[in-house]
Amino acid sequence: MAVVLALIAAGVVLFAIAEMGPVKPMWSSSAETPQEKRWQAVAPGRVEACSGQIKVASAVVGVVHKVLVKANDKVFAGEPLIQLADDELRARLAAAEIQVAMRERARDEKSATSSEKRRRRVQDAVAEAERTLYDARSAVDRAAAKLRTKSGSEADLTAARLALTRAQNELSSRQGELRTIDDDALPTSLEGQLNIARAEYSVARAALDKMTVRAPIDGTVLQVNVREGEAVSPGSPQPPLQLADLSALCVRSELDERDIGAVRVGQAVTVRATAFPGREFEGSVSSVAPLIEPGQLDPPGSRNQSDVDAVRVVVGLTAPGELTIGMKADVYFRADKVAAP
C-alpha cells in the first residue's frame, strides 16, 4: 500500500512540474518560450541615462539661500540651480572693486611712455572684458530665474545667452592681444599696485561665483535633496541635486561570463521591461566591458552574488518610449544580427 501511495505522489509532482512549463527570467513578465530560438543570450539590466546620473555638489560650505529648480525641470549647462547665502562675499567684492578704481585713478595721473601707454590700454581692455563677462553671466542668471517664475520670456533668456557668448569671445580676443605685447619692462609702482588690486578683485569674484551651484550639462533634474536654510558642503554623503541627460537612454546589463562569446558591439538586442508586459524596445550593444566581476543586478534568489561572475554590457536604446531611469529590464541579444547603422 505504501508503495502505491508513493507512486501516486510522484505522479502528482511530475504532473505539476509539466504544467508549470519552462522557468522564465525573474525580471521579465514576458519571457521567451521554448519555440523562440532568436536569442543568443539573456541578461538582467536596469535603464539609465547614457550620460550617467550626475550628482551635483556644492564647491564650498554654505547655507542654502534659494533652490531655483525642482524635480523634472529641464536645465542648460551653466544654469544656476542653488544659490547659497553670499552677503559677506558681495561686500568683499564691492570693497575690492573700490580698490581697483582708486588704483586706476592713481596710475592714470602718472605720465607714461608710449610703450607703457600701449600696455596699460591692453591691460585695461582685458579687465573691462572680464567685468563685461561677469555682468553677462549675471544677466543670464537673472533671465533664467525669471523664466522659472513665469515673469520672463524664452526670448530674454536667449538674448542674454547670446550676449554671454559674445562677452566670452571678446575676453578671449583681448587676452590674445595681451599675450602679443613684447614688453619685458617691469611695471611701475603704481601699475604693480593696480595689478594686485585687480588680482584681489578676481579672487573675490571667483569666491562669489562658487556660491552658485550650476548645472554641469544640459539635462533634467532627477532629484532635489536640499531645502532653503540647510547647510551643504563638498563632502556631503547626499548631493543636493541629481540630474541626467534623458535625451538618450541605455540599459546597463550584466551578462553571465559563460555567454560573453555570444555578444559583440553593434549586435541588435530586444529589451523587455517588467513595467510594460507584452512590449519590446529595440537597441544595440554599445560597449562590452573588458572586465569580469561579481554581478550586482541578479534578481533575489537566483544565486548567491559571490557566485555570479558577469561582464557589464551597455545597450543603447533606439526608441526608449516610456522607459524610465532605474527600471528593471531583460536584455535579449539577437542571434546573427547586427543593428543597422
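The paragraphs below set out a description of the structure included in this document. Per chain, the residues get numbers from 1 upward, laid out in the order the sequence is written. Only residues with pLDDT of at least 70 are given local features in this predicted model, and only at 80 or more are side-chain atom pairs given and counted; all residues enter the totals for whole chains, interfaces and linings. Derived side-chain values reflect all non-hydrogen atoms in the structure, with water molecules and hydrogen atoms excluded from consideration.

## Some points on helix α4 (residues 154-179)
Then step 1. Taking 1.5 Å as the rise per residue, α4 with 26 residues should run 38 Å; its terminal C-alpha atoms sit 38 Å apart, in good agreement.
Then step 2. Here's how the labels work: a residue is buried when its accessible area is under 20% of the maximum for its type, exposed when over 50%, partly exposed in between, all with a 1.4 Å probe on protein chains only. Strands here mean DSSP runs of E at least two residues long; helices mean DSSP runs of H or I at least four residues long; both are numbered from the N terminus. By the burial criterion, the buried members of α4 are Leu157, Ala160, Leu164, Ala167 and Leu171. A helix is expected to span 1.5 Å for every residue after the first.

## Observations regarding the sheet that holds strand β8 (residues 231-232)
Then step 1. By this definition, two strands are paired if DSSP reports at least two bridges between them. An order of β6-β5-β3-β8 is seen for the four strands of this open sheet, with the pairing classed as antiparallel. Because the sheet does not close on itself, it has two edges, and the strands there are β6 (212-214) and β8.
Then step 2. Summarising the sheet, strand β3 (residues 62-67) and β8 pair through two bridges and their orientation is antiparallel. Of the residues in β8, the one forming a bridge with glycine 62 is valine 232.

## Some words on the packing of helix α3 (residues 114-148) against helix α5 (residues 189-209)
Then step 1. Orientation is described by axes fitted as lines to C-alpha atoms, over the contacting stretch for helices, and by angles from 0 to 180 degrees between their N-to-C directions. The contact between α3 and α5 brings their axes to 12 Å, and the two run at 15 degrees. Taken together, the axis directions place α3 and α5 in an arrangement best described as roughly parallel. Here the hand of the crossing between α3 and α5 comes out left-handed. On α5, the residues that touch Glu116, Arg119, Arg120, Gln123, Asp124, Ala127, Glu130, Arg131 and Tyr134 of α3 are Glu191, Asn195, Arg198, Tyr201, Ser202, Arg205, Leu208 and Asp209.
Then step 2. Polarity classes work like this: nonpolar for Ala, Val, Leu, Ile, Met, Phe, Trp, Tyr, Cys and Pro, charged for Asp, Glu, Lys and Arg, and polar for all others, with Gly in that last group. Looking at side-chain class alone, the contact of α3 with α5 contains four nonpolar, three polar and ten charged residues. An angle counts as roughly parallel when it lies under 35 degrees, as roughly antiparallel when it exceeds 145, as roughly perpendicular when it falls between 65 and 115, and as oblique in every other case. Rotating anticlockwise by less than a right angle from the far helix to the near helix defines a left-handed crossing, while the corresponding clockwise rotation defines a right-handed one. Any two residues having at least one pair of non-hydrogen atoms within 4.5 Å are treated as being in contact.

## Focus on the sheet that holds strand β2 (residues 54-56)
Then step 1. Ordered in space as β2-β9-β7-β4, the four strands form an open sheet in which the pairing is antiparallel. The open sheet has two edge strands with one neighbour each: β2 and β4 (74-75).

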